[in-house]
Amino acid sequence: MRRYAWLILVLLVLTPATAYPQTPPTPPSAAPTGMTAQVGAGPTITEPPGAQVSARRVVVKLRAPLDAKGVAVGSSLASVNRQFGTQLTPLFYPAPRGPQALKLFLSMGMDRLYVATATSDIDTQAAARAFKLSAEVEDAEPDAVGEGGGGPPNDPYYGSLWQLPKINALGAWDISTGSPNLVVAIIDTGLWGWHPDLRYRVWYNPGEIPDNDIDDDGNGYVDDNWGWDFVNGDNVPQGDHWHGSHVGGIVGAEVNNGIGVAGLDQRARLMAVKVLDSQNRGNYTTWAQGVYYAVENGAQVLNMSLGGSVEGHLALQTAIDYAHSRGAVIVACMMNENSSTPFYPAAYASTIAVGATDRNDYRASPFDWGGGSNYGSHIDVVAPGNLIYSTGLNDSYLYGSGTSMAAPQVSALAALILAVAPNLSNEEVRQVIRQTARDGVGRPGEDLPGWDPYMGYGRIDAARALARAHELALPAPTPTVTPRPPTPTPTPPAVTPTPIAGCASPLVNGGFTGREGWTLNGRRSLISSTGRTGSSLFLGLLSGDTVESSTGDWASGRQTLTLPAEFTRLELSFWAYTAHTGGADTNDRFLARVLNAANATLVDVPLQVDSGAWREYRVDLTQTLAGQAGQPVTVYFAVKNVGGSGGNAYMRVDDAALMVCGAGAPSSQPSPTPTPSDTPTPTQTPPPCPYPVGASGYTFVWM
């Protein structure tokens, strides 16, 4: 018999962990004194519903950070500040203390990002243009505004938690109920931390002494005992809207306490990060600060049940990419317009984008209140999101519907996966969730075999995901060996590559967040701030450009790597945007190739010329490169002119990956010295590549 049942029948009450207070924190009557780190904090959002940009904030990226004196009197920055009544404050503060994190922080230019805040409404578009004219400014854009992704709740009476059996929670709990060492950040409207189903699940800052008006842990925030309120700039991230507490309960409401509801993860701690106001709305800069705070204070999983339709690459995407580079799993909701409109952060490549389903496993369209789960090329998976019963304000319980209710189930699942296999990277967690999702269960015509834009890879299955995580966490078996006379050691070959286990992607920086890993040639090759979901490789050819004498490349980007000694599957995937302006020229070429050590073409991927849209290309290289094992190959993108001149041509490339699957020891571990044996070593079958590829030749997926 399974040992988990509906909570209304549960009699066992668990003793709370003694490391955490038995009573909830008492909110101070006022914000703490001293350095309260109200960096970039502003007033409650005043924009009318539907506004996409802030009326009081501009994100400014300087060419060099300000010194301790701030903006120099008489400078162009000071002039713009006077013109619009703004004041510059750092967006991400303080800088990380670890050397590796600091190196990443500086390389992404996060020390040069500031928020220009006005005390009354201004024309932020005009302010951004004015800042851009300053020689001290690299870029500027109005701050964007978004909202939580959940619709209004229904009557707050107890109902069945239908989503738990739907995603096979009981089977998952037979494998793991989670780990108290994992922290899930609820980046939302705050938590009602005194709720009887949440109070013992709330994260408490172990380095902070409550209410002593001192920043004990030196993280830049005074008395952040259980999180931070970035809307009001204080240390009380208490929910003033039901949304955040509802989301928190879906992730981790107390289980087996004889009351209320149950979260999917029974043991992870919930970090309260308030970035949405009492109207469930917020600025991107506030969201970005919340993301930065969460990852710098130990959150391994970030739940973001919110979204806005403005891309916002300067503030929000920088924070998301930083958190992803630090190893955090970031989960975001698709939002609820029943359309393919991309919302951010879900549309960023670094997030796991989650849509919502109903009791029938159909895409929720409409929800009980209307709207519908968004869909599109960036969706990863779906989870139940219609009429989900969970915790609310003032110790209440209520129904909520929206992709906001689906995302926290994926966040909880990610935390459970990390509890079982803490060695997995954030991208490996994503692949486990994708690979174990239930395909073909949704609405006919939408839920197509494999990935589709309505259901992604399918509806999550927690038990399957944890079973897969358990397999990945198991150590490699140690074979039993029988000694025998030594065999002469053969002379090693000139090239001895390290074999791989399972699947890996040796391509560095395929998202083109900078130049790392790539060699750019030509006069018009650069990393652009505009891409499919972020920055991209930009290769341009202008009218009048003629053939370059040596290679014919006016713009190219390449990366050379060595293929593993053995592999069972190779796949190249990337997104490309090709375009002509001012008249196409038949002499212009858009190239995507794999080259050998002599720069001879091994694979030439035929691109759709002048597509005027992002297209995804996936190429099965298994047979083509079978003879190249252990050899260097180059992934090469270029725009060429092979004669004459004509109009402008350019290509953007984004999200490039070379997925290699095979068998062998992980490359990060030293290979043991083999001892001959009469007992054959058991052969382990590597897992399949995470992307479906045709049996041979080229397989293209255009979206």
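Heads up: these notes are all about the structure in this document. On a predicted model such as this, the values are computed, not experimentally measured, just so you know. (Residues numbered from 1 in each chain as written. Predicted model: local features only at pLDDT ≥ 70, side-chain atom pairs only at ≥ 80, totals over all residues. Heavy atoms only, no water.)

## Overview of the overall build of the protein chain
Line of reasoning, step 1. Tallying secondary structure elements over the protein chain gives 11 helices and 27 strands in all.
Line of reasoning, step 2. Taking all 703 residues of the protein chain together, 56% fall into the buried category.
Line of reasoning, step 3. Across the protein chain, the fraction of contacts at a sequence separation of at least 24, relative to all contacts at a separation of at least 6, is 79%. (Helix = DSSP H or I, 4+ residues; strand = E, 2+ residues; numbered from the N terminus. Buried < 20%, exposed > 50% of the residue type's maximum accessible area, 1.4 Å probe, protein only. Contact = heavy atoms within 4.5 Å.)

## Some points on the pairing of strand E7 (residues 269-274)
Line of reasoning, step 1. The buried count for E7 comes to six of six residues, which makes it a mostly enclosed element.
Line of reasoning, step 2. Burial along E7 is two-sided: Arg-269, Met-271 and Val-273 and Leu-270, Ala-272 and Lys-274, pointing in opposite directions, are all buried.
Line of reasoning, step 3. Of the pairings in the sheet, the one linking strand E5 (residues 183-188) to E7 comprises six bridges and is parallel in character. Considered in E7, the bridge of Ile-186 is made with Ala-272.
Line of reasoning, step 4. Across three bridges, strand E6 (residues 227-229) lies against E7 in parallel orientation. Along E7, the bridge assignment pairs Trp-228 with Val-273. (Pairing = 2+ DSSP bridges.)

## Considering helix H7 (residues 284-296)
Line of reasoning, step 1. With 13 residues, H7 should reach 18 Å at 1.5 Å per residue; the first-to-last C-alpha distance of 18 Å fits that figure.
Line of reasoning, step 2. The set of residues buried in H7 consists of Tyr-284, Thr-285, Thr-286, Trp-287, Ala-288, Gln-289, Gly-290, Val-291, Tyr-292, Tyr-293, Ala-294 and Val-295.
Line of reasoning, step 3. Looking one or two places after H7, you find Gly-298, whose phi comes out positive at around 100 degrees. (Expected span 1.5 Å × (residues − 1).)

## Quick notes on unusual backbone geometry
Line of reasoning, step 1. Omega for the bond connecting Tyr-93 with Pro-94 falls within 30 degrees of zero, at -10 degrees, which places this linkage in the cis form.
Line of reasoning, step 2. Within the fold, Pro-94 resides in the loop between strand E2 (86-90) and helix H2 (99-107).
Line of reasoning, step 3. The peptide bond linking Tyr-344 to Pro-345 adopts the cis configuration, its omega dihedral lying at 20 degrees.
Line of reasoning, step 4. Structurally, the position occupied by Pro-345 is in the loop between strand E11 (329-333) and strand E12 (352-357).
Line of reasoning, step 5. In this structure, Leu-387 is a non-glycine residue whose phi angle is positive, near 55 degrees.
Line of reasoning, step 6. Here Leu-387 shows up in the loop between strand E13 (381-384) and strand E14 (388-391).
Line of reasoning, step 7. Even without a glycine there, the phi angle at Asn-509 is positive, about 60 degrees.

## A word on the pattern of salt bridges
Line of reasoning, step 1. Scanning the entire structure with this criterion turns up 20 salt bridges.
Line of reasoning, step 2. Of the charged contacts, one joins Lys-166 and Asp-361 as a salt bridge, the two residues approaching to 3.8 Å between their closest N and O atoms. Placement of the pair is Lys-166 in helix H4 (residues 163-166) and Asp-361 in the loop between E12 and E13, with a sequence separation of 195 residues.
Line of reasoning, step 3. For Asp-361, a relative accessible area of 6% gives the class buried.
Line of reasoning, step 4. In this structure, the salt-bridge partner of Arg-618 is Glu-616, at a minimum N-O distance of 2.8 Å. Per residue, the accessibility class of Arg-618 equals that of Glu-616, and both read buried.
Line of reasoning, step 5. Each member of the salt-bridge network shares a partner with another, and the members are Asp-380, Glu-427, Arg-430 and Arg-434. (Salt bridge = Lys/Arg side-chain N within 4 Å of Asp/Glu carboxyl O.)

## Observations concerning the side chain of Lys-61
Line of reasoning, step 1. Residue placement: Lys-61 occurs in strand E1 (residues 53-62).
Line of reasoning, step 2. Classification of Lys-61 by relative accessible area gives buried; the value is 14%.

## Here's the deal with the sheet that holds E11
Line of reasoning, step 1. Strand order across the open sheet formed by seven strands is E6-E7-E5-E9-E11-E12-E13, with parallel pairing between neighbours. Where the open sheet ends on each side, the last strands, each with one partner, are E6 and E13. Ignoring strand direction, the axes of neighbouring strands in this sheet form an average angle of 25 degrees.
Line of reasoning, step 2. Pairing between strand E9 (residues 301-304) and E11: four bridges, direction parallel. Of the residues in E11, the one forming a bridge with Val-301 is Val-329. (Axes fitted to C-alpha atoms, helices over the stretch in contact; angles between N-to-C directions.)

## Digging into helix H10 (residues 426-435)
Line of reasoning, step 1. Burial within H10 is extensive, with seven of its 10 residues counted as buried.
Line of reasoning, step 2. For H10, the complete set of buried residues consists of Asn-426, Val-429, Arg-430, Gln-431, Val-432, Ile-433 and Arg-434.

## Points about the environment of Asn-386
Line of reasoning, step 1. If you trace the backbone, Asn-386 turns up in the loop between E13 and E14.
Line of reasoning, step 2. Asn-386 gets classed as buried once you look at its relative accessible area, which sits at 12%.
Line of reasoning, step 3. Asn-386 sits 224 residues away from Trp-162 along the chain, and the two C-alpha atoms are 9.9 Å apart.
Line of reasoning, step 4. If sequence neighbours within four positions are ignored, Asn-386 has contacts with Trp-162, Thr-357, Asp-358, Phe-367, Asp-368, Gly-400 and Ser-401.
Line of reasoning, step 5. A polar contact of 3.3 Å, which involves the side chain of Asn-386, links it to the side chain of Ser-401. (Polar contact = N/O pair within 3.5 Å; in protein donor to acceptor, adjacent residues only side chain to side chain.)

## Quick look at the side chain of His-241
Line of reasoning, step 1. With respect to the secondary-structure elements, His-241 resides in the loop between E6 and helix H6 (242-252).
Line of reasoning, step 2. If sequence neighbours within four positions are ignored, His-241 has contacts with Thr-189, Asp-277, Ser-278, Gln-279, Asn-280 and Leu-393.

## Section: the packing of H7 against helix H8 (residues 313-325)
Line of reasoning, step 1. With their axes 8 Å apart at the nearest point, H7 and H8 run at an angle of 15 degrees to one another. Accordingly, the angle class assigned to the pair H7 and H8 is roughly parallel. Crossing handedness for the pair H7 and H8: left-handed. Note on element contacts: H8 touches H7 through Ala-315, Leu-316, Ala-319, Ile-320, Tyr-322 and Ala-323, opposite Tyr-284, Thr-285, Trp-287, Ala-288, Val-291, Tyr-292, Val-295 and Glu-296.
Line of reasoning, step 2. In the contact of H7 with H8, the residues fall into 12 nonpolar, one polar and one charged. (Parallel < 35°, antiparallel > 145°, perpendicular 65-115°, else oblique. Left-handed = near helix turned anticlockwise from the far one by under 90°. Nonpolar A, V, L, I, M, F, W, Y, C, P; charged D, E, K, R; others polar.)

## Side note on the environment of Leu-191
Line of reasoning, step 1. You can see Leu-191 is positioned in the loop between E5 and E6.
Line of reasoning, step 2. Distance in space between the C-alpha atoms of Leu-191 and Lys-274 is 7.9 Å, their sequence separation being 83 residues.
Line of reasoning, step 3. Not counting residues up to four positions away in its chain, the partners in contact with Leu-191 are Ile-186, Trp-226, Pro-237, Gln-238, Gly-239, Gly-244, Ser-245, Gly-248, Leu-270 and Ala-272.

## Overview of the packing of aromatic side chains
Line of reasoning, step 1. Inspection of every chain in the model, using the stated rule, returns 23 aromatic pairs.
Line of reasoning, step 2. Between Tyr-221 and Tyr-293 the ring centres are 5.1 Å apart and the planes differ by 85 degrees, which places this aromatic pair in the edge-to-face class. Of this pair, Tyr-221 sits in the loop between E5 and E6 while Tyr-293 is found in helix H7, placing the two residues 72 residues apart along the sequence.
Line of reasoning, step 3. Taken together, a centroid distance of 5.0 Å and an interplanar angle of 40 degrees make the contact between Tyr-344 and Tyr-348 tilted. The pair formed by Tyr-344 and Tyr-348 is uniform in burial state, with each residue classed as buried.
Line of reasoning, step 4. Linked through ring pairs, Phe-512, Trp-518, Phe-574, Tyr-617 and Phe-637 together constitute an aromatic cluster.
Line of reasoning, step 5. The cationic tip of Arg-532 hangs over the ring face of Trp-575; the distance from NZ or CZ to the ring centre is 4.0 Å. (Phe/Tyr/Trp six-rings, centres within 6.5 Å; stacked < 30°, edge-to-face > 60°. Lys NZ or Arg CZ within 6 Å of the ring centre and 35° of its normal.)

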